[in-house]
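Each chain, letter by letter, is given below.
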Amino acid sequence: MSKKDDLLQSAEILFYQEGFHRTGVAKIAEQANTTQRTLYKHFATKEALILAIMEQRELRYWQEIKRLDETHSQGRWSLVPFYALKDWFEKQNHGGCFYLNALSEYQGKDEEIVQYVRDYKQRREDDLVNRLEKDGILQPDLASLLMLIYEGITASSALGISESTWEKIFEHISQLLIIK
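As named in an unreviewed UniProt entry, the protein chain is TetR family transcriptional regulator, taken from Vibrio algivorus.

Colleague: What is the right way to read the layout of surface pockets from this model?
Modeller: Rolled over the atoms, a probe with the dimensions of a water molecule shows which regions are left empty. Taken as a whole, the largest pocket spans an internal volume of roughly 380 Å³. For the lining of the largest pocket, the secondary-structure elements that each account for two or more residues are helix 4 (46–71), helix 5 (80–91), helix 6 (98–106), helix 7 (111–134) and helix 8 (140–156). The element that contributes the greatest number of residues to the lining of the largest pocket is helix 5, accounting for five residues.

Colleague: When you look at the nonpolar core in this model, what are you seeing that I'm missing?
Modeller: For soluble globular proteins, the rule of thumb is that nonpolar side chains tend to be buried together. Membership of the largest hydrophobic core comes to 53 residues, with the highest contact counts inside it found for Phe-15, Ile-28, Leu-49, Met-54, Leu-146 and Leu-177. Taken together, the elements giving at least two residues each to this core come down to helix 1 (3–18), helix 2 (25–31), helix 4, helix 5, helix 6, helix 7, helix 8 and helix 9 (163–178). With residues near it in sequence (within four places) discarded, Phe-15 still touches Phe-20, Thr-23, Ile-28, Lys-46, Leu-49, Ile-50, Ile-53 and Phe-98.

Colleague: Looking at this structure, how should I read empty space enclosed by the protein?
Modeller: The full count for this structure, using the stated rule, is one cavity of 30 Å³ or more. Every residue along the wall of the largest cavity is listed here: Tyr-61, Pro-81, Arg-124, Asp-127, Leu-128, Met-147 and Tyr-150. Listing elements by their share of the lining of the largest cavity, those giving two or more residues are helix 7 and helix 8. Sorting elements by how many residues they give to the lining of the largest cavity places helix 7 first, with three residues. Across the lining of the largest cavity, the residue classes break down as five nonpolar, no polar and two charged.

Colleague: Honestly, helix 1 in this entry has me stumped. Any pointers?
Modeller: Since one α-helical turn is 3.6 residues long, residues separated by three or four positions face the same way. For helix 1, spanning 16 residues, the distance from its first C-alpha to its last is 22 Å, which sits close to the expected 22 Å at 1.5 Å a residue. Turning to helix 1, its buried residues are Asp-6, Leu-7, Leu-8, Ser-10, Ala-11, Glu-12, Leu-14, Phe-15 and Glu-18. Elements that come into contact with the buried residues of helix 1 comprise helix 2, helix 3 (36–42), helix 4 and helix 6. Gly-19 occupies a position one or two residues after helix 1 and carries a positive phi of about 90 degrees.

Rules behind the numbers
- Residues numbered from 1 in each chain as written.
- Predicted model: local features only at pLDDT ≥ 70, side-chain atom pairs only at ≥ 80, totals over all residues.
- Heavy atoms only, no water.
- 1 Å grid on protein atoms, 1.4 Å probe; cavity = no way out; pocket = protein on both sides within 12 Å on 5 of 7 lines; lining within 4 Å.
- Points joined across faces, edges and corners; volume = space filled by probe spheres on them.
- Helix = DSSP H or I, 4+ residues; strand = E, 2+ residues; numbered from the N terminus.
- Core = buried A, V, L, I, M, F, W, Y, C linked by side-chain atoms within 4.5 Å.
- Buried < 20%, exposed > 50% of the residue type's maximum accessible area, 1.4 Å probe, protein only.
- Contact = heavy atoms within 4.5 Å.
- Nonpolar A, V, L, I, M, F, W, Y, C, P; charged D, E, K, R; others polar.
- Expected span 1.5 Å × (residues − 1).

Okay, structure coming up:
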């Protein structure tokens, strides 16, 4: 792994554990076994580091969606993002949505971070509109409802989600998708 990757990984973990503003660049550099100078060589500011993490996370998200499209769609393309969310929770120690955490700390302080979060969430909603269309459901408003459900699940994730709750989530979302 490169020093840049070490910095991205260390910072992502620290931002989840301690928040964005409470995490200093010295601690990130120390956690990555490097220096602040090396950090600033790769990222001009802490905010540039946060944006790079968001870009990397988004890339991982779309890669996972593509993988699941090939294996899990079973004719219900609109469920794939929820399968990705479930898989993600099973793989990671979860502290809510990285993007919404960033939004809450940077609203009114860094427009570039705020705009990235808005754009990312819009790309996800646009993807849901396309998935609904592939499922034969021409109700763009349903994409907004599914996004709210998705975000609610993400926000609740720190409390833990049992397998039986996941089954209910998929059951209820499937019922919503029957409405045409």
